[in-house]
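Take a look at the letters that make up each chain.
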Amino acid sequence: MSVTQRLLCTLSHSLPYKSTPFPFLRASPFYYFPFSRPPSFSTLIMSQNQGGDRAQKWKVESKPNAGTSASASVAEAVTDRLGGLNISENNGQIWKPKSYGTVSGPASATATAVDVQTEKSSVDLSKILKPNLLENFNVDNSTYSLAQIRATFYPKFENEKSDQEIRIRMIEMVSKGLATLEVSLKHSGSLFMYAGNEGGAYAKNSFGNIYTAVGVFVLGRMFREAWGTKAGEKQAQFNDFIERNRMCISMELVTAVLGDHGQRPREDYVVVTAVTELGDGKPKFYSTPEVIAFCHKWRLPTNHVWLFSTRKSVTSFFAAYDVLCEEGTATSVCRALNEVADISVPGSKDHIKVQGEILEGLVARIVSQESLKHLEEVLKDRPPPPADGAGIDLGPSLREICAANRSDEKQQINALLENVGSSFCPDHSDWYDAHSRNADRAVLSKFLQAHPADYSTTKLQEMIRLMREKRFPAAFKCYHNFHKAESISSDNLLYKMVIHVHSDSGFRRYQKEMRNKPGLWPLYRGFFLDINLFKANKERAAEIAKSNNDLVGRVNNGSNNSTRDGLADDDANLMIKLKFLTYKLRTFLIRNGLSILFKDGPAAYKAYYLRQMKIWGTSAGKQRALSKMLDEWAVYIRRKCGNKQLSSAVYLSEAEPFLEQYAKRSLENESLIGSAGNLVRTEDFLAVIEGGRDEEGDLATEQEAAAASLSPSVKDTIQKDEGLIVFFPGIPGCAKSALCRELINAPGGLGDDRPVQSLMGDLIKGRYWPKVADERRRKPYSIILADKNAPNEEVWKQIEKMCHSTRASAVPVIPDSEGTYSNPFSLDALAVFMFRVLQRVNHPGNLDKASPNAGYVLLMFYLLYEGKSRKYFEDELVERFGSLVKMPLLKPDRSPLPDSLRSVLEEGIDLYNLHTKRHGRLESTKGTYAQEWAKWEKKLRDTMSANAEYLNSIQVPFEFAVQQVLEQLRKIAKGEYTIPSTEKRKLGTIVFAAVDLPLAEISSLVDEVSKIFWSQPL
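Conventions we followed
- Along each chain, residues carry numbers from 1 onward, in the same order as the chain's sequence is written.
- Local features in a predicted model are, by the rule used here, given only for residues with pLDDT of at least 70; side-chain atom pairs are given and counted only at 80 or more, and totals for whole chains, interfaces and linings are based on all residues.
- By convention in this description, side-chain values take in all heavy atoms of the structure and omit both hydrogens and water.
- Runs of H or I in DSSP of at least four residues are treated as helices and runs of E of at least two as strands, each being numbered from the N terminus.
- We call a residue buried when its accessible area falls under 20% of the maximum for its residue type, exposed when it is over 50%, and partly exposed in between, using a 1.4 Å probe and counting protein chains only.
- Should DSSP find at least two bridges between two strands, the strands are taken to pair.
- Note on definitions: angles span 0 to 180 degrees between N-to-C directions of axes, and those axes are lines fitted to C-alpha atoms, for helices only across the stretch in contact.
- Here, nonpolar core means buried Ala, Val, Leu, Ile, Met, Phe, Trp, Tyr and Cys residues that are tied together by side-chain atoms lying within 4.5 Å of each other.
- For this document, the term salt bridge refers to a Lys or Arg side-chain nitrogen within 4 Å of an Asp or Glu carboxyl oxygen.
- Whether two residues are in contact is decided by their heavy atoms: any pair within 4.5 Å suffices.
- Between 65 and 115 degrees an angle is taken as roughly perpendicular, under 35 as roughly parallel, over 145 as roughly antiparallel, and anywhere else as oblique.
- In a left-handed crossing the near helix is turned counterclockwise from the far helix by less than a right angle, and in a right-handed crossing that turn is clockwise.
- Each residue receives one of three labels: charged for Asp, Glu, Lys and Arg, nonpolar for Ala, Val, Leu, Ile, Met, Phe, Trp, Tyr, Cys and Pro, and polar for the others, Gly being one of them.
- To estimate the expected span of a helix, count its residues, drop one, and scale the result by 1.5 Å.
- The directions from the helix axis to the C-beta atoms form the arc being described.

A.B. asks: Tell me about the overall build of the protein chain, residues and numbers included.
C.D. replies: A tally of helices and strands in the protein chain yields 38 helices and 24 strands. Out of the 1018 residues belonging to the protein chain, those deemed buried represent 55%.

A.B. asks: Lay out the sheet that holds strand E22 (residues 783-789) in plain terms, naming residues and giving numbers.
C.D. replies: Taken together, the 5 strands give an open sheet; going across it, the order is E21-E22-E20-E23-E24, and neighbouring strands pair in parallel fashion. Where the open sheet ends on each side, the last strands, each with one partner, are strand E21 (756-760) and strand E24 (885-887). The mean angle between the axes of side-by-side strands here comes to 25°, regardless of whether they run parallel or antiparallel. Here strand E23 (residues 808-815) runs beside E24; their pairing, made up of 3 bridges, is parallel. What sits directly across from Pro815, in E24, is Met887.

A.B. asks: Before we move on, can you summarise the nonpolar core with the specific residues and values?
C.D. replies: Burial of nonpolar side chains together is a common tendency in soluble globular proteins. By size, the foremost hydrophobic cluster in this structure holds 64 residues, and its most contacted members are Phe727, Trp769, Met834, Leu905, Met944 and Leu951. Residues Ile149, Leu191, Phe476 and Phe527 belong to the second largest nonpolar core, which totals 52 residues.

A.B. asks: Go over helix H8 (residues 288-298) with me, naming the residues and quoting the values.
C.D. replies: Of all 11 residues in H8, 11 are buried, a share of seventy percent or more. Of the positions making up H8, those classed as buried are Thr288, Pro289, Glu290, Val291, Ile292, Ala293, Phe294, Cys295, His296, Lys297 and Trp298. Positive backbone phi, approximately 60°, marks Arg299, located one or two places after H8.

A.B. asks: Got a sec to walk through the pairing of E23? Specific residues and values, please.
C.D. replies: Along E23, 8 of the 8 residues are buried, which leaves the element largely enclosed by surrounding structure. Across 5 bridges, strand E20 (residues 723-728) lies against E23 in parallel orientation. In the sheet register, Gly723 faces E23, and the bridge partner there is Ala808.

A.B. asks: Describe in detail the pattern of salt bridges, supporting the description with residues and values.
C.D. replies: A full pass over the atoms with the stated rule returns 38 salt bridges. Across the pair Glu654 and Lys640 runs a salt bridge, and its minimum N-O distance is 2.8 Å. A residue pair is termed long-range when its members are at least 10 positions apart, and Glu654 in helix H25 (residues 652-663) and Lys640 in helix H24 (residues 620-641) qualify at 14 residues. Among the residues examined, Glu654 registers a relative accessible area of 16% and is labelled buried. Connected through salt bridges with shared partners, the residues Lys512, Glu793, Glu800, Lys868, Glu876 and Arg880 form a single ionic network.

A.B. asks: Outline unusual backbone geometry, listing residues and values.
C.D. replies: Although it is not a glycine, Arg807 adopts a positive phi angle of roughly 55°. Mapped onto the elements of the fold, Arg807 is located in the loop between helix H30 (793-806) and E23. Given a relative accessible area of 41%, Arg807 falls into the partly exposed group. Even without being glycine, Asn842 reaches a positive phi, approximately 55°. With respect to the helices and strands, Asn842 occurs in the loop between helix H31 (827-837) and helix H32 (854-864). Under the relative-accessibility criterion, Asn842 is labelled exposed at 73%.

A.B. asks: Kindly report on the environment of Ser184, identifying the contributing residues and their values.
C.D. replies: Considering the arrangement of structural elements, one finds Ser184 in strand E4 (residues 180-186). Measuring from C-alpha to C-alpha, the distance between Ser184 and Val345 comes to 9.6 Å, with 161 residues separating the pair along the chain. When residues no more than four places from it in sequence are discounted, the contact partners of Ser184 are Asn303, His304, Val305, Trp306, Gly361, Leu362 and Val363.

A.B. asks: Lay out the pairing of E20 with the relevant residues and their values.
C.D. replies: Most of E20 sits out of view: 6 of its 6 residues are buried. By the alternation rule, side chains of E20 split into Gly723, Ile725 and Phe727 and Leu724, Val726 and Phe728, which are all buried. Pairing between E20 and E22: 4 bridges, direction parallel. Bridging from a neighbouring strand, Val726 pairs with Leu785 of E22.

A.B. asks: Requested: an account of the sheet that holds strand E15 (residues 492-501), with residues and values cited.
C.D. replies: Reading across from one edge, E13-E3-E16-E15-E14 is the order of the 5 strands in this open sheet, with mixed pairing throughout. In this open sheet, the two edge strands, each paired with only one partner strand, are strand E13 (451-452) and strand E14 (474-480). Summarising the sheet, E15 and strand E16 (residues 527-535) pair through 8 bridges and their orientation is antiparallel. Note on E16: the bridge partner recorded for Leu493 is Leu533.

A.B. asks: I'd like a rundown of the side chain of Thr457, residues and numbers included.
C.D. replies: Residue placement: Thr457 occurs in helix H17 (residues 455-469). If we skip the residues at most four places from it in the chain, Thr457 touches Ser145, Leu146, Ala147, Phe447 and Pro452.

A.B. asks: Now, about the packing of helix H18 (residues 504-516) against helix H33 (residues 870-881): what can you tell me, with residues and values included?
C.D. replies: Contact pair H18 / H33: the axes reach a minimum separation of 8 Å and the direction vectors enclose 30°. On the basis of their axis angle, the class for H18 and H33 is roughly parallel. Handedness of the crossing formed by H18 with H33: right-handed. From H18, Ser505, Arg508 and Arg509 reach across to H33, where they touch Val878, Glu879, Arg880 and Phe881. Considering only residue class, the contact of H18 with H33 consists of 2 nonpolar, 1 polar and 4 charged.

A.B. asks: Pulling in residues and values, what's your account of helix H35 (residues 930-946)?
C.D. replies: Over its 17 residues, H35 runs 25 Å from end to end, which matches the ideal 24 Å to within 8%, given 1.5 Å per residue. Within H35 the residues assigned to the buried category are Trp933, Trp936, Glu937, Leu940, Thr943 and Met944. For H35, the angular spread of the buried residues around the axis is 135°, confining them to a single face. Exposed residues on H35 whose side chains face more than 90 degrees from its buried face are Gln931, Lys935, Lys938, Ser945 and Ala946. Of the surrounding elements, those touching the buried residues of H35 are H31, H32, helix H34 (899-919) and helix H36 (948-953).

Written out as structure tokens, the structure is:
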């Protein structure tokens, strides 16, 4: 069946959209860590209708007499009537999911399609397929947009304080009786969110794929295990409950079929991590006692939680973690926390039994002082529920289904959804081809241009505009909303939007914006919206305006409190993630290091893992032990795999046996590894994933679509009411001053009407960056070219603060260079910089050919960047400032650096390391190595002079470099900028591609062509 035919059939599943506020549970208005307890929470939970007790046993329902696909006549009829077909009640659906009724046998694990069956609604299917539907929807004064959050997880908060400062503050708050410390286990899986059959199933940044199909199957199976023969009835009630009350349930999806994390789990399961009331405004997250009560009502899996309410218990917790952080496993960690906690609530899924000993980490956060009392009451009122599904044949497992359906991802999705059962997942339309779901990119533009229909839409528009204006690393991708197909008309368009933040830097930067603009709504992880574009007549427009005015008045009068439950915002947001080295060894050092090891070699891999351990603060002894083991791992895996990189999805197939053998050598090795062995073999049932994968296992958004949504179009660009700072993280000799002069004199400036001025560091007396800040305040709308080297994080932080305090954006301009595994600039680039400096005369900063230590100064700047690969360097700048301009420097087809140049540069680097090790920052003309420096400086000049022709020939023309920089800056000024790819490039080399061809057939074909050619008259 074609994509179009399946799309048409699926659209007939759509049901009316339900949205009513949830009247029973009332969470705190604080959006991240709610504290307040609803007045009658336990009573209300217990009073909810549990439904009937109609007996039900598991079996596969008998199928109608049908083939494995829709009949030819049906297919032909659907195709012929594509232009305007209405499917009535007696037409049908594309798949009939299996439902279970008796114990008489397991279900088949193989997916099949059946004939088109009946459906309840009558929908004009052609209207959603019209390519010009959005194109003809013009935005005018009568156009409104309505946005509602459909699914979301907690905002991602980044603490500005160090972990040690956060610990001290947590202990202080608990000691004073102001709060309680809550600690929970971090299961190692992927984020999965469920909002009901109509509300949708979502991964962190995607929906309608193998991840969400697996999530729905596993969640459905949890119901079967918990409710036994009543599962189908309870599944339907659960769907109705969360859809009617606009709720979203967030879970950690732990499974062996979606790729490797720290350890392959023994079972496939979910653990509920958040319950959210979406309502019509900002989401309200349940407190942990409320989450546990909700889960016990519906028999959903809960996490292990500990509470610490005294100074003794909270200090004992941190002391226990410090002891166990490098060797702790699930058994030792849980035992230690059980001993020191004031209350321990075991999860319904025992980490040791279902996942294993390798524990990812703990999440510690500040909660209300009343949490302990509230939790005790909930556990008393709602004890852990029984598991009625024990001993019942639940049908094929997730692994059996995936193993039986190995042809492609679509087949596995079909099989999983079919085996979920119609009571839990009657509508499969979200899982159709991405091409049929994708909406035009103009949806986002029209959404932002339209009048907001309510306060929530106003705040969501504000958020998206800010992220686009500031060039955050985020994509805003829109899809057709099949569930609402019957409501679509030329004046009423409905879509889904995915807000995908590509890196943690986006959350950090947005958090800084929130501090400067307290009214901003938070940026959530896992962020999905329902979008409605519609036309309103005068009467409805008046109603919308009145409703908005009333709501804004209530918000302004009631939501300006700076505290929540007696806790200031900064204290209420206190959270710390505590990970264990045994997990980080596997995921960060082995799995995430594979691409570096295979692409850049063992030296680059060693630099990578040493840098990671330094960032973590790993003890010296563990660093030595891990270095020895990882060096051995690098040799082992490269020898076994050759040049073919080991897949990160199944890396444990090789890593786990290696770690097991390594652990057997000594007790020290055993404690280093933590736990190894009992490997679960996944190759036979691993899910087929057609697409990219991010670090958390979620499908990555297509890069071209992401890039298109990273920056606004010209007509969406916000009016320029702020300034711009152009600065240079480079090295002396990178031509920044010459570039600044060209930019100042460029006709038309940067393409807008803001004045451009340059501040040359060598001519500024006193501290440079405070002078730039003063100039920014004096001319707030100007573009300042900061003509001074800005080589390190200390300077970058000053620029960031300046941007926030003076309402400006900053753009780094860097020389384009392929770099090395430990420095963003290659030796070729360093040679050119030195050559340029040694040609200068009368330089304002006295760094020219007359300077006796010019080579030493450039080495000092060059080695300020040591320890950063080119990719790390560029990524960090993009994460901090949202953009990056590259100035062409070297010709890609240049000859290799001559040995004499390479040798003199390497000698200088070695001498610099010796000098700084003994004398620190002492000038090269002083100290033990003064004579060696003088000899090297002379040798450097002689070598540069001898290779002058080569050094001139490898540089791109300066005029070309200026033009490239000017074009990039103008795009940024106009809002047309797209974040550049930071993929490593191999300049000056040739890349070969090879294909295997059938020799005999090719030879025969050539012979035939030859005969034909020679048979023709000349």
